[in-house]
Amino acid sequence: RVAAHHLGTLLQNVVKTIGPRSVGQDGMVTTSLLTLYEELAANDQPDSVRLQTTENCIAFGKAMTSLAKGTDEDGNEIMGGTLDDDFIREGSGILVKRILPLIVSTIDDRSWRVRWTAASKFAEVVKSFADLPDAMDSLVPAYEKLLQDPEAEVRTAATFNLADVAKCKAKVHPPPRVRGLDGPDTFSPQTTDDNELVSVAERLVQRVTNLTEDDSENVRAALAMVATELAPILGKDATIHHLVPPVLLLLRDATSEVRLNIISSLSALNEVIGVDLLSQSLLPAIIDLAQDGNGGKW
């Protein structure tokens, strides 16, 4: 457990001291630290050890990003210079093939505490791997699975990260098409070819409506706090068509905390679609709230 806890710090110091050579084919990161990480993240390790898998994954992502930039998180220059393009592709390929499967495996971990840790830190995982090719095509589906976890605590932690994950500027493949009840396929804000890449926000906004129907009021309350933060990322048109409808559902939620949270966050929506459209879309629902039996709360 202690070794797992300090692995990230050890990795950062090795990368800072040795530089790009540390992640080469015979480098210390590749031959020793990466192997150690795989051992500590294995299913036969105790829960207390596997809890560090996500944090160490973040450390590996930050290390590769630092090498690509030639500076650490504090802006200090790393010895040995920056990685060239071929080295970056080689190093990121190692990460995608060896490290990302380990963080993805935490999504199905037998311990809900391990899954909760992954859910609560997933925005950091995405941020640390955002600049590495193809990483998001593994991470975004894993995050979507966390939003559907059997444990409400895990879904709540994942939902709190929704807006921060959606801020990732990488493009990803769209989710599998879903045949609608009336015939047409639906899956993204715009009709998109299966081979066309979409933004992370465009993919994740499809999950918002499902979350408004979650059995846990804590999940819905978390969604109400962060849903409108998607608006500046999506833009005006996508917000109107794909974010306003679930916001309306949250405004009519049976739980007062959910309604209060969404009302408290409407300013972010107003900045994107404007006060006129906001009034046209949401004012009737707010008036209904003022007139129902719970009206005294507003």
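Predicted model, so just to flag it, every value in this text is computed and none were measured.

> What's the story with the overall build of the protein in this structure? I'm lost.
Helix and strand content of the protein: 17 helices and four strands. Contacts spanning at least 24 positions in sequence make up 67% of the contacts within the protein whose residues lie at least 6 apart. Roughly 14,600 Å² of accessible area belongs to the protein as shown, and the carbon and sulfur atoms make up 50% of that amount.

> Would you explain the packing of aromatic side chains in this entry?
Each aromatic ring pair is summarised here by two numbers: the centre-to-centre distance and the angle between the ring planes. One pass over the structure, following the stated rule, counts two aromatic pairs. Considering the side-chain rings of Tyr 37 and Phe 60, the 5.1 Å spacing of their centres and the 35 degrees angle between planes classify their relative orientation as tilted. One end of the pair, Tyr 37, is in helix H2 (residues 28-40); the other, Phe 60, is in helix H4 (residues 53-69), with 23 residues separating them in the sequence. By the burial criterion, Tyr 37 is buried, and Phe 60 matches it.

> How should I be thinking about the environment of Val 258 in this particular structure?
Counting through the fold element by element, Val 258 comes out in helix H16 (residues 256-264). You can call Val 258 buried: its relative accessible area is 0%. Placed 36 residues apart in sequence, Val 258 and Ala 222 show a C-alpha to C-alpha distance of 7.9 Å. When neighbours within four sequence positions are excluded, Val 258 is seen to be in contact with Glu 217, Arg 220, Ala 221, Ala 224, Leu 250 and Asp 253.

> What exactly am I supposed to notice about the pattern of salt bridges here?
Proximity of charged atoms lets side chains of opposite charge pair with each other. Under the definition given, this model contains eleven salt bridges. One salt bridge connects Arg 155 with Asp 214, and the closest N-O pair in it is separated by 2.8 Å. Here the residue Arg 155 occupies a position in helix H9 (residues 152-160), and Asp 214 occupies one in the loop between helix H12 (208-212) and helix H13 (217-226), the gap between them amounting to 59 residues. The pair Arg 155 / Asp 214 is uniform in exposure class, with both members buried. Asp 253 serves as the salt-bridge partner of Arg 220, at 2.6 Å between the closest nitrogen and oxygen. Here Asp 253 lies in the loop between helix H15 (236-251) and H16 and Arg 220 lies in helix H13, a separation of 33 residues in the sequence. Residue Arg 220 shares its accessibility class with Asp 253, and that shared class is buried.

> How do you make sense of the packing of helix H1 (residues 2-18) against H2 when you look at a structure like this?
Packed helices, taken two at a time, are described by the angle their axes make and the gap between the axes. At a minimum axis separation of 11 Å, H1 and H2 run at an interaxial angle of 165 degrees. With respect to H2, the element H1 is oriented roughly antiparallel. Considering the relative orientation of H1 and H2, their crossing is left-handed. Touching Ala 3, Ala 4, Leu 7, Leu 10, Leu 11, Val 14, Val 15 and Ile 18 of H1 are Met 28, Val 29, Leu 33, Leu 36, Tyr 37 and Leu 40, all from H2. Tallied by class, the residues present in the contact of H1 with H2 amount to 14 nonpolar, no polar and no charged.

> Is there a simple way to explain the side chain of Asp 253 in this structure?
A relative accessible area of 8% means that Asp 253 is categorised as buried. Setting aside anything within four residues of it in sequence, one finds Asp 253 in contact with Thr 212, Arg 220, Val 258 and Arg 259.

> I tried to follow the side chain of Thr 255 on my own but got confused; where do I start?
With respect to the secondary-structure elements, Thr 255 resides in the loop between H15 and H16. The class of Thr 255 is buried, set by a relative accessible area of 15%. Sequence-distant contacts of Thr 255, that is, excluding residues within four places in its chain, are made with Glu 217 and Arg 220.

> What is the right way to look at the packing of H9 against H13 in this model?
Relative orientation of the contacting elements H9 and H13 amounts to 0 degrees, with a least axis distance of 9 Å. Considering their axes alone, H9 and H13 lie roughly parallel with respect to each other. Counting all contacts with H9, which are made through Ala 152, Arg 155, Thr 156, Thr 159 and Phe 160, the residues of H13 involved are Asn 218, Val 219, Ala 222, Leu 223, Met 225 and Val 226. Grouping the amino acids of the contact of H9 with H13 by side-chain chemistry returns seven nonpolar, three polar and one charged.

Calculation rules
Each chain has its residues counted from 1, following the order in which its sequence is written. Side-chain atom pairs in this predicted model are given and counted only at pLDDT of 80 or more, local residue features only at pLDDT of at least 70, and totals for whole chains, interfaces and linings cover all residues. Only hydrogens and water are removed before side-chain values are computed, so all heavy atoms of the structure are retained for them. The way it works is that DSSP assigns letters per residue, a run of H or I at least four long becomes a helix, a run of E at least two long becomes a strand, and they are numbered from the N terminus. In what follows, a contact means two residues having at least one pair of non-hydrogen atoms within 4.5 Å. The accessible surface values rely on the Shrake-Rupley method and a 1.4 Å probe; as for residues, cover is taken only from the protein chains in view. When two rings of Phe, Tyr or Trp (its six-membered ring) have centres within 6.5 Å they constitute a pair, described as stacked for plane angles under 30 degrees, edge-to-face for angles over 60, and tilted for the intermediate range. Three labels apply to residues, based on accessible area from a 1.4 Å probe with only protein chains included: buried if under 20% of the type maximum, exposed if over 50%, partly exposed otherwise in between. Here a salt bridge means any side-chain nitrogen of Lys or Arg lying within 4 Å of a carboxyl oxygen belonging to Asp or Glu. Each axis is a line fitted through C-alpha atoms, taken for helices only over the stretch in contact, and angles between the N-to-C directions span 0 to 180 degrees. Put simply, angles under 35 degrees are roughly parallel, angles over 145 are roughly antiparallel, angles from 65 to 115 are roughly perpendicular, and the rest are oblique. For any pair of crossing helices, the crossing counts as left-handed if the nearer helix is rotated counterclockwise from the farther one by less than a right angle, and right-handed if it is rotated clockwise. Following the grouping adopted for this structure description, the nonpolar residues are Ala, Val, Leu, Ile, Met, Phe, Trp, Tyr, Cys and Pro, the charged ones are Asp, Glu, Lys and Arg, and the polar ones are all others, Gly among them.

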